[in-house]
Amino acid sequence: MRIRPTPPFSPPRLTRWVSQLQLAGQPVTYKTYPDVDHRSLIAASYPDALAWVNARFGR
């Protein structure tokens, strides 16, 4: 049996990293999309991504 290392951006590692940044006072927005895989993430996150772009470029 081959044991694979945990990917560097696995959800548990990313959640810990975001928590560390927030504890250090960094403004971080972190959203998860339950029951979404890599391919369907684009459609699921599109409204949030569009809102982020619009907030920065005044659209």
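The structure presented is a predicted model; accordingly, all values stated were derived computationally and were not measured. Sequence order as written defines the numbering, with residues in each chain counted from 1. Only residues with pLDDT of at least 70 are given local features in this predicted model, and only at 80 or more are side-chain atom pairs given and counted; all residues enter the totals for whole chains, interfaces and linings. Note that water and hydrogens are dropped before the side-chain values are worked out from all heavy atoms of the structure.

Can you explain a nonpolar patch on the surface? Please cite residues and give values.
Residues W52, V53 and F57 make up a contiguous nonpolar surface patch of about 340 Å² in total accessible area. Its location among the elements puts F57 in helix α2 (residues 41-57). For patches, a residue must show more than 30% relative accessible area and have no salt bridge; joins then use 9 Å for like charges and 5 Å for nonpolar side chains, namely Val, Leu, Ile, Met, Phe, Trp and Tyr. For the accessible areas, the method is Shrake-Rupley and the probe is 1.4 Å, while residue cover comes only from the protein chains on display. Here a salt bridge means any side-chain nitrogen of Lys or Arg lying within 4 Å of a carboxyl oxygen belonging to Asp or Glu. Every helix listed is a DSSP run of H or I at least four residues long, and every strand listed is a run of E at least two residues long, numbered separately from the N terminus.

Tell me about the environment of K31, and please be specific about residues and values.
Secondary-structure assignment places K31 in the loop between α1 (11-23) and α2. Only protein chains enter the area calculation, which uses a 1.4 Å probe; residues under 20% of their type maximum are buried, those over 50% are exposed, and those in between are partly exposed. On the basis of relative accessibility, which here comes to 47%, the residue K31 falls in the partly exposed class. A C-alpha to C-alpha distance of 9.0 Å links K31 and S45, two positions 14 residues apart in sequence. Separated by 3.2 Å, the side chains of K31 and D48 make a polar contact. Pairs of N or O atoms are called polar contacts if they sit within 3.5 Å, as long as, within protein, a hydrogen donor faces a hydrogen acceptor (for residues adjacent in sequence, only side-chain-to-side-chain pairs).

Hey, could you go over unusual backbone geometry for me, with residue numbers and the actual values?
Not every positive phi belongs to a glycine, and D35 is a case in point at roughly 60°. Here D35 lies in the loop between α1 and α2.

Account for the side chain of S45, with residues named and values stated.
Take S45: it is sitting in helix α2. Given a relative accessible area of 17%, S45 falls into the buried group. A polar atom in the side chain of S45 sits 2.8 Å from the backbone oxygen of L41.

Which residues make up the pattern of salt bridges, and what are the values?
Across all of its chains, the model carries one salt bridge by this definition. Residues K31 and D48 are paired through a salt bridge, measuring 3.2 Å at the closest nitrogen-oxygen approach. Taken together, the positions of K31 in the loop between α1 and α2 and D48 in helix α2 put the pair 17 residues apart, joining distant regions of the chain. We classify D48 as partly exposed; its relative accessible area is 29%.

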